[in-house]
Amino acid sequence: MSDTVGRMLLREMHLDELSRVLELEADPDAAPFILRWSDGDHRRSLSDPDEAHLTLEQDGQMVGFVLLAGLRSPDHNIELRRIVVSPPGCGLGAVALELVIARAFEQLHAHRLWLDVKTNNDRAQRAYRRAGFVQEGVLRDARLTDGIYESLIVMSILEAERSKVRPSRRLT
Ligand SMILES: CC(C)(COP(=O)(O)OP(=O)(O)OC[C@H]1O[C@@H](n2cnc3c(N)ncnc32)[C@H](O)[C@@H]1OP(=O)(O)O)[C@@H](O)C(=O)NCCC(=O)NCCS
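Conventions and cut-offs
- Residues numbered from 1 in each chain as written.
- Predicted model: local features only at pLDDT ≥ 70, side-chain atom pairs only at ≥ 80, totals over all residues.
- Heavy atoms only, no water.
- Near = heavy atom within 4 Å.
- Polar contact = N/O pair within 3.5 Å; in protein donor to acceptor, adjacent residues only side chain to side chain.
- Areas by Shrake-Rupley, 256 points an atom, 1.4 Å probe, with all protein chains shown as cover.
- Helix = DSSP H or I, 4+ residues; strand = E, 2+ residues; numbered from the N terminus.
- Nonpolar A, V, L, I, M, F, W, Y, C, P; charged D, E, K, R; others polar.
- Salt bridge = Lys/Arg side-chain N within 4 Å of Asp/Glu carboxyl O.
- Axes fitted to C-alpha atoms, helices over the stretch in contact; angles between N-to-C directions.
- Parallel < 35°, antiparallel > 145°, perpendicular 65-115°, else oblique.
- Left-handed = near helix turned anticlockwise from the far one by under 90°.
- Contact = heavy atoms within 4.5 Å.
- Buried < 20%, exposed > 50% of the residue type's maximum accessible area, 1.4 Å probe, protein only.
- Pairing = 2+ DSSP bridges.
- Core = buried A, V, L, I, M, F, W, Y, C linked by side-chain atoms within 4.5 Å.

Student: I keep staring at the site of the ligand and nothing clicks. Help me out?
Tutor: In the vicinity of the ligand there are 25 residues, among which I83, G89, G93, N121 and R130 approach most closely. Within the side chain of R126, one N or O atom sits 2.8 Å away from an oxygen atom of the ligand. Within the side chain of R130, an N or O atom sits 2.4 Å from an oxygen atom of the ligand. Calculation on the ligand without its partners gives an accessible area of 950 Å², and the protein chains cover 79% of this total. Among the secondary structure elements, those contributing two or more residues to the shell around the ligand are β5 (77-85), α3 (92-107), β6 (112-118) and α4 (122-131). In terms of residue count, α4 provides more of the shell around the ligand than any other element does, seven residues in total. When its residues are assigned to classes, the shell around the ligand shows 14 nonpolar, four polar and seven charged.

Student: Quick question: what am I supposed to make of the pattern of salt bridges here?
Tutor: Should their charged atoms come close, side chains of opposite charge can pair. Tallied over the full model, the rule gives 14 salt bridges. One salt bridge connects R20 with E23, and the closest N-O pair in it is separated by 3.2 Å. Of this pair, R20 and E23 both sit in helix α1 (residues 18-26), separated by three residues, roughly a single helical turn. The salt bridge involving R44 is made with D41; its shortest N-O contact spans 2.8 Å.

Student: Please explain the packing of α1 against helix α2 (residues 39-46) as it appears in this structure.
Tutor: The geometry of a pair of packed helices is captured by two quantities: the angle between their axes and the separation between those axes. For the pair α1 and α2, the least separation of the axes is 10 Å and the interaxial angle reads 125 degrees. The orientation of α1 relative to α2 falls into the category oblique. The interaxial crossing formed by α1 with α2 has right-handed handedness. From α1, L18, V21, L22 and E25 reach across to α2, where they touch D39, H42, R43 and L46.

Student: I keep staring at the pairing of strand β3 (residues 51-58) and nothing clicks. Help me out?
Tutor: The side chains of a regular strand alternate, first on one face of the sheet and then on the other. When you tally the buried positions in β3, you get eight out of eight residues, the bulk of the element. Neither face of β3 is left uncovered, since the one carrying E51, H53, T55 and E57 and the one carrying A52, L54, L56 and Q58 both have all their residues buried. Across five bridges, the pairing between strand β2 (residues 8-12) and β3 is antiparallel. Paired with E12 across the strands is L54, a residue of β3. Note: β3 against strand β4 (residues 61-69), eight bridges, orientation antiparallel. Counted as the bridge partner of L56 is G64 from β4.

Student: Looking at this model, I keep getting lost on the nonpolar core. Mind explaining?
Tutor: Inside soluble globular proteins, nonpolar side chains tend to come together where they are buried. Residues L56, V66, L80, L113, Y128 and F133 are the most contacted members of the largest nonpolar core, which totals 33 residues. Secondary-structure elements contributing two or more residues to this core are β2, β3, β4, β5, α3, β6, α4 and β8 (148-158). The contact partners of Y128, leaving out residues within four places of it in the chain, are L80, I83, L97, L115, V117, F133 and M155. Within the second largest apolar cluster, 11 residues are counted, among which are M13, A30, W37 and M62.

In structure tokens form, the structure reads like this:
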């Protein structure tokens, strides 16, 4: 199953792409903002029918990846667990989020697509807001990273809110 917006394709990840995923997670642009996984963590998740590993491809290159969870949620609540694009800050995320939102609501029949994002991750918060996510609340000191507590903002978009989403800045 795959989807396209502009030049970007969202498709199921191949096992041999995991090394690139680990590289993207280790990139200094991404590492401070995500929970990094080992190869084994990714393999376990890949074989879990409740979760999805998706590749973002542009012009034949892997420019990022997306992890979803809750595909079998009885509440139709799907988590956008992780998204990483490379390079960040160039509009790739806007297109990627449009694809993810379409996948979640149109193919996976989500009612609510939700995520959490660190309070210091302004770039991601801007990208999420532009895509139509709204803030639900703050999980204070929810994560302990290298001895420092970090708070997480929970954001979501509901099926009924999709029409309000601004179109992404298309890449040509
Ligand atoms: C989060 C992520 C997927 C967003 O994708 P992106 O391609 O960077 O996003 P876009 O370029 O489409 O939009 C980024 C927004 O932040 C702004 N921005 C860009 N660089 C920024 C920076 N350093 N600080 C704050 N805002 C920034 C852009 O102007 C844009 O805002 P706008 O839509 O209001 O104009 C991407 O930045 C990424 O992979 N980051 C590293 C991993 C990460 O943080 N993942 C999310 C964890 S919750």
